[in-house]
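Per-entry structural report
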Amino acid sequence: MRKIEQNEHCCLECGSPLYGRIDKKFCDVQCRTSYHNRENRKDCKVMRSINSILKKNRSILKELYVNGKLKVRSGDLLVKGFIFRYFTHTQSKKESEQCYFVYEYGYIDLKNGFFTLVFNDETSTN
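Computed from a prediction, not measured in an experiment: that's the story for all the values here. (Residues numbered from 1 in each chain as written. Predicted model: local features only at pLDDT ≥ 70, side-chain atom pairs only at ≥ 80, totals over all residues. Heavy atoms only, no water.)

Counted under the stated rule, the structure contains 4 salt bridges. Here R21 makes a salt bridge to D23, at a shortest N to O gap of 2.8 Å. According to the relative accessible area criterion, R21 is exposed, its value standing at 62%. Between R58 and E104 there is a salt bridge whose closest N-O contact spans 2.5 Å. Linking R58 in helix α1 (residues 29–66) with E104 in the loop between β3 (98–102) and β4 (105–109), this pair joins segments that are 46 residues apart in sequence. Given the relative accessible area of 10%, E104 is considered buried. (Salt bridge = Lys/Arg side-chain N within 4 Å of Asp/Glu carboxyl O. Buried < 20%, exposed > 50% of the residue type's maximum accessible area, 1.4 Å probe, protein only. Helix = DSSP H or I, 4+ residues; strand = E, 2+ residues; numbered from the N terminus.)

Attention shifts here to unusual backbone geometry. If you check the backbone angles, Y103 has positive phi at about 60 degrees while not being a glycine. As for its position among the elements, Y103 is in the loop between β3 and β4.

Sheet strands associate in pairs through backbone hydrogen bonding, adopting either a parallel or an antiparallel arrangement. What the 5 strands build is an open sheet, ordered β1-β5-β4-β3-β2; its pairing is antiparallel. Because the sheet does not close on itself, it has two edges, and the strands there are β1 (71–73) and β2 (89–92). Direction aside, neighbouring strands of the sheet carry axes that sit 35 degrees apart on average. Bridging between β4 and strand β5 (residues 114–119) involves 5 bridges; their strand directions are antiparallel. From the neighbouring strand, I108 faces β5, where its bridge partner is T116. Contacts between α1 and the sheet are confined to β1, β3, β4 and β5, with β4 contributing the most and set at about 80 degrees to the helix. (Pairing = 2+ DSSP bridges. Axes fitted to C-alpha atoms, helices over the stretch in contact; angles between N-to-C directions. Contact = heavy atoms within 4.5 Å.)

Here we come to the nonpolar core. Judged by nonpolar contacts, L54, I60, L61, L64, V72, L77, F82, V102, Y105, Y107, F115 and L117 together constitute the single largest core of 12 residues. Looking at this core, the elements with two or more residues in it are α1, β4 and β5. Take this core: its biggest share by element is 4 residues, from α1. Leave out the neighbours within four places in its chain, and F115 touches L70, K71, V72, S74, L77, F84, Y107, I108, D109 and L110. (Core = buried A, V, L, I, M, F, W, Y, C linked by side-chain atoms within 4.5 Å.)

From the geometry alone we can't say anything about function, so treat these as descriptive.
Quick look at the structure:
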């Protein structure tokens, strides 16, 4: 095995000596991909977790909305596993009314343990 000189650049992933361009960081595509996958794994895990919650919240709202319910109890949402702190965006409906959306399905808190379900087809791509 060849001894690496002090002024020689090495691959950030495998430590092999690098030849060619002075600003080269990886010896090949596989090392570059492995390095970046490892570095981004933590962020990807968080994003996958949040996206999973958003998908579940959307499917719950869609299920209840499609069944014709426009007014639901907070308990109905909680029993199905709805997590209120996760939503994609908000819209102000009236002066004091805030609508929380999970993509195209939303809900308005009526402040009495009930929610009104809404559907905004302007945000839908289908």
